[in-house]
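# Architecture at a glance
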Amino acid sequence: KPWVELPKGEMICIQTNARKSGELFRNMFYLKQVELDEASFILGLQAGLPEEFDLDVSLNDLEKRCQLAFARLDENMTAIEQVLAQQFWYSAPMRRQQ
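Heads up: these notes are all about the structure in this document. (Residues numbered from 1 in each chain as written. Predicted model: local features only at pLDDT ≥ 70, side-chain atom pairs only at ≥ 80, totals over all residues. Heavy atoms only, no water.)

## Some words on the overall build of the chain
Looking only at helices and strands, the chain features 1 helix and 4 strands. For the chain, the sequential pattern of α-helices and β-strands runs β-β-β-α-β. Taking all 98 residues of the chain together, 26% fall into the buried category. Taking the contacts inside the chain whose residues are at least 6 apart along the sequence as the reference set, 45% of them involve residues at least 24 apart. (Helix = DSSP H or I, 4+ residues; strand = E, 2+ residues; numbered from the N terminus. Buried < 20%, exposed > 50% of the residue type's maximum accessible area, 1.4 Å probe, protein only. Contact = heavy atoms within 4.5 Å.)

The following block contains the structure:
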């Protein structure tokens, strides 16, 4: 069973990125399709994942770390949606309110 269920038009992904120094790190991205004044956009937020993500840790521990990262992203997405809804005619898939 997935640890989070997202509505249509939303996606979470994890990607390995490189810093200017060449050091690799992992980010979680939260992408959401929205409409502002009837024009389509994709909102994208990212959060760094702990370096221990690559170590030999249990699947449950990795899941908890991902849940914490997503919780921060979800809170930030809510704040962004509130600002955008004040500035534009805003439309997006319905989401569960906390």
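Next comes the rest of the write-up.
## Points about the nonpolar core
By size, the foremost hydrophobic cluster in this structure holds 14 residues, and its most contacted members are Met28, Tyr30, Leu43, Leu73 and Met77. Contributions of two or more residues to this core are made by strand E2 (24-36), strand E3 (39-48) and helix H1 (59-87). With 6 residues, H1 is the largest single contributor of residues to this core. Look past the residues within four positions of Leu43 in its chain and what remains in contact with it is Tyr30, Leu31, Lys32, Val34, Met77, Ile80 and Leu84. (Core = buried A, V, L, I, M, F, W, Y, C linked by side-chain atoms within 4.5 Å.)

## Focus: the pattern of salt bridges
Across all of its chains, the model carries 4 salt bridges by this definition. Measuring nitrogen to oxygen at the nearest pair gives 3.7 Å for the salt bridge that ties Arg19 to Glu23. Its relative accessible area of 39% is what places Arg19 among the partly exposed residues. For Glu23, a relative accessible area of 38% gives the class partly exposed. Between Arg65 and Asp61 there is a salt bridge; the shortest N-O distance is 2.7 Å. Here Asp61 and Arg65 lie together in helix H1, a separation of 4 residues that amounts to about one turn. On the accessibility criterion, Asp61 (26% relative accessible area) is partly exposed. (Salt bridge = Lys/Arg side-chain N within 4 Å of Asp/Glu carboxyl O.)

## Brief notes about the packing of aromatic side chains
Aromatic rings in a pair are described by how distant their centres are and how their planes are angled relative to each other. Taken as a whole and judged by the stated rule, the model has 1 aromatic pair. For the ring pair Tyr30 and Phe70, a centre distance of 5.0 Å and an interplane angle of 65 degrees mean the geometry is edge-to-face. Of this pair, Tyr30 sits in strand E2 while Phe70 sits in helix H1, and the two are 40 residues apart along the sequence. The buried category is assigned to Phe70, whose relative accessible area is 9%. Seen from the ring of Phe25, Arg19 lies directly overhead, with NZ or CZ sitting 4.2 Å from the centre. (Phe/Tyr/Trp six-rings, centres within 6.5 Å; stacked < 30°, edge-to-face > 60°. Lys NZ or Arg CZ within 6 Å of the ring centre and 35° of its normal.)

## Here we look at the pairing of E2
The pairing of strand E1 (residues 10-18) with E2 spans 9 bridges and is antiparallel. For Gln15, the partnering residue across the bridge sits in E2 and is Asn27. Relative to E3, E2 runs antiparallel, the two sharing 10 bridges. Along E3, the bridge assignment pairs Met28 with Ala47. Where E2 folds back onto E3 in an antiparallel hairpin, the turn is made up of 2 residues, including Asp37, whose phi is positive at roughly 50 degrees. (Pairing = 2+ DSSP bridges.)

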